[in-house]
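# Geometric and topological summary
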Amino acid sequence: PHVDSIAERVQIDGEPLSEAEFCAELTEFLGLVEQAAQPPSYFELLYAFSLWVFDRRSVDYAVIETGMGGLHDATNVARRPDKLCIITDIGYDHMQILGNTLPEIAGQKIGIVHAGNTALTYRQADDVMNVFDAWCNKVGATLTPLDASAISSNYNHEFGGLPLFQQRNWLLAREAYNWIADRDGLADLSLEDELRTHRLQVPARMEILRRGDKVLVMDGAHNQQKMTAFVESFHQQFPDVRPDVLVALKTGKEYSAVAPMLATLASNIIVTTFDTSQDLPAVSLDPELLASELQAAGASSVQVVPDLRMAYDSLMKTSNNVCIITGSFYLISQLRQQRILL
């Protein structure tokens, strides 16, 4: 989901189109889409629009993120044999669609790989790697497993404040660039280039803001895998801190797996709701249900404040000067777009 603006969904050289550019380009594109035999979904429309913009701007490379899974995802129309596929760590998410086991989910993720492609991924559990191997052999692609420890030894600089999960993702992205640079004869990156990428801030990914005397840490962690990564990174940057937390989860998320981590992390938890939509309506989990699960997990203080503005005001009135807003990108997006988070 986009966080601050829909224009985030189409970026050139790391910068979203301006809203004026986005609207002008989209207006023209919609004139073409009206001629389509079957109306596209919201996601299909924006994805096709991004490819159309990339073509008009004559980009050298397009970086495409799947919407969900891979095999049946709209983005999987990209089937050129020179495509490089980057598979991050497999975790439990969108299980009602992708499957209930890691091998089932892995089978959906690896589906973006086509004949002639190369797939880069960290070496994962055997049952996941077996799925990757079988698929690549079937379609005639090359699987290149990587070892994070071995890769990190190739770089002689410190990551500074880069969160742990982003360090892992950075190393994978760096190897992807190395692979393309070797194939296409691109220049290597300087140390200055590398350090500059450490300072990139993805909206609502371990994003830190100061509001008065408070430090607000925002992260859209919404499942066990992502919450684990967030908590580890929070402890890295704020050791021995027990923050206050504002949380809401989208309906269907694995709240029973997330609750124990928040219960251990927080000194006080405020459970709230959101009500927004992007490609589909985003409905938040019943706050009483989440609060009950947090209490059962041993949270020392839990309060339910369904109204988002009142919940945020309550967070800002706590005595703790380090606070977290987490559980969903939709929560953070609504706080920012309705200018509640000022």
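The preceding data block contains the structure.
Cut-off values and rules
- Residues numbered from 1 in each chain as written.
- Predicted model: local features only at pLDDT ≥ 70, side-chain atom pairs only at ≥ 80, totals over all residues.
- Heavy atoms only, no water.
- Helix = DSSP H or I, 4+ residues; strand = E, 2+ residues; numbered from the N terminus.
- Buried < 20%, exposed > 50% of the residue type's maximum accessible area, 1.4 Å probe, protein only.
- Contact = heavy atoms within 4.5 Å.
- Pairing = 2+ DSSP bridges.
- Axes fitted to C-alpha atoms, helices over the stretch in contact; angles between N-to-C directions.
- Polar contact = N/O pair within 3.5 Å; in protein donor to acceptor, adjacent residues only side chain to side chain.
- Phe/Tyr/Trp six-rings, centres within 6.5 Å; stacked < 30°, edge-to-face > 60°.
- Lys NZ or Arg CZ within 6 Å of the ring centre and 35° of its normal.
- Salt bridge = Lys/Arg side-chain N within 4 Å of Asp/Glu carboxyl O.

## Notes on the overall build of the protein
Secondary structure assignment for the protein yields 13 helices and 13 strands. Overall size of the protein, expressed as C-alpha extent along the three principal axes, is 55 × 50 × 40 Å. A total of 342 residues make up the protein; the buried ones form 45% of that total. Across the protein, the fraction of contacts at a sequence separation of at least 24, relative to all contacts at a separation of at least 6, is 70%.

## Some details on the sheet that holds strand 13 (residues 322-326)
The pairing of strands in a sheet comes from backbone hydrogen bonds and takes either a parallel or an antiparallel form. Pairing within the open sheet is mixed, and its 6 strands lie in the order 6-7-13-8-9-12. Whereas interior strands pair on both sides, the edge strands pair on one side only; in this sheet they are strand 6 (207-211) and strand 12 (302-304). Averaged over all neighbouring strand pairs, the angle between strand axes comes to 20°, with direction disregarded. Both strand 6 and strand 7 (residues 214-219) contribute to a ladder of 5 bridges, which runs antiparallel. The partner of Arg211 across the bridge, within strand 7, is Lys214.

## Here's the deal with the sheet that holds strand 3 (residues 84-87)
With respect to topology, 3 strands assemble into an open sheet ordered 3-4-5, the strand pairing being parallel. Of all the strands in the sheet, just strand 3 and strand 5 (142-146) have a single pairing partner and so form its edges. In this sheet, neighbouring strand axes are inclined to one another by 20° on average, regardless of whether the strands run parallel or antiparallel. Here strand 3 pairs with strand 4 (residues 118-122) via 4 bridges, running parallel. When the bridges of strand 4 are listed, Cys85 appears paired with Ala119. Packed onto the sheet, helix 5 (residues 126-139) meets strand 3, strand 4 and strand 5 and runs at close to 155° relative to strand 5. In the packing of helix 7 (residues 164-184) onto the sheet, contacts are made with strand 3, strand 4 and strand 5, and the angle to strand 4 comes to roughly 155°.

## Some remarks on the side chain of Arg174
Looking at where Arg174 falls in the secondary structure, it is placed in helix 7. Of note is the side chain of Arg174, whose polar atom sits 2.3 Å from the side chain of Asn178. A distance of 2.8 Å separates the side chain of Arg174 from the side chain of Glu194, its partner in a polar contact. If near-sequence neighbours (up to four positions away) are discounted, Arg174 is found in contact with Tyr155, Asp188, Leu189 and Glu194.

## So, the packing of aromatic side chains
For any two aromatic rings, the description comes down to two numbers: the centre-to-centre distance and the angle of the planes. All chains considered together, the criterion is met by 9 aromatic pairs. Both rings, one in Phe159 and one in Trp170, keep their centres 5.5 Å apart while their planes meet at 80°; by these two values the pair is edge-to-face. Here Trp170 lies in helix 7 and Phe159 lies in the loop between helix 6 (148-152) and helix 7, a separation of 11 residues in the sequence. For the pair shown, Phe159 and Trp170 are each scored as buried. Counting every residue linked through ring pairs, the aromatic cluster contains Phe22, Phe29, Phe49 and Trp52. When the ring centre of Tyr122 is taken as origin, the NZ or CZ atom of Arg168, which lies over that ring, is 4.1 Å away.

## Considering the pattern of salt bridges
As enumerated under the stated definition, the model contains 13 salt bridges in all. Across the pair Asp193 and Arg196 runs a salt bridge whose closest N-O atoms are separated by 3.1 Å. Of the two residues, Asp193 and Arg196 both sit in helix 8 (residues 191-198), 3 residues apart, roughly one turn of that helix. When its relative accessible area of 42% is taken as the criterion, Arg196 is described as partly exposed. Note that Glu207 is salt-bridged to Arg336, the shortest N-O span being 3.0 Å. You can see Glu207 sitting in strand 6 and its partner Arg336 sitting in helix 13 (residues 329-337), a full 129 residues away along the chain. Across the pair, Arg336 and Glu207 agree in class, each one buried. It is possible to trace a salt-bridge network through shared partners that takes in Glu21, Glu25, Glu28, Arg56 and Arg57.

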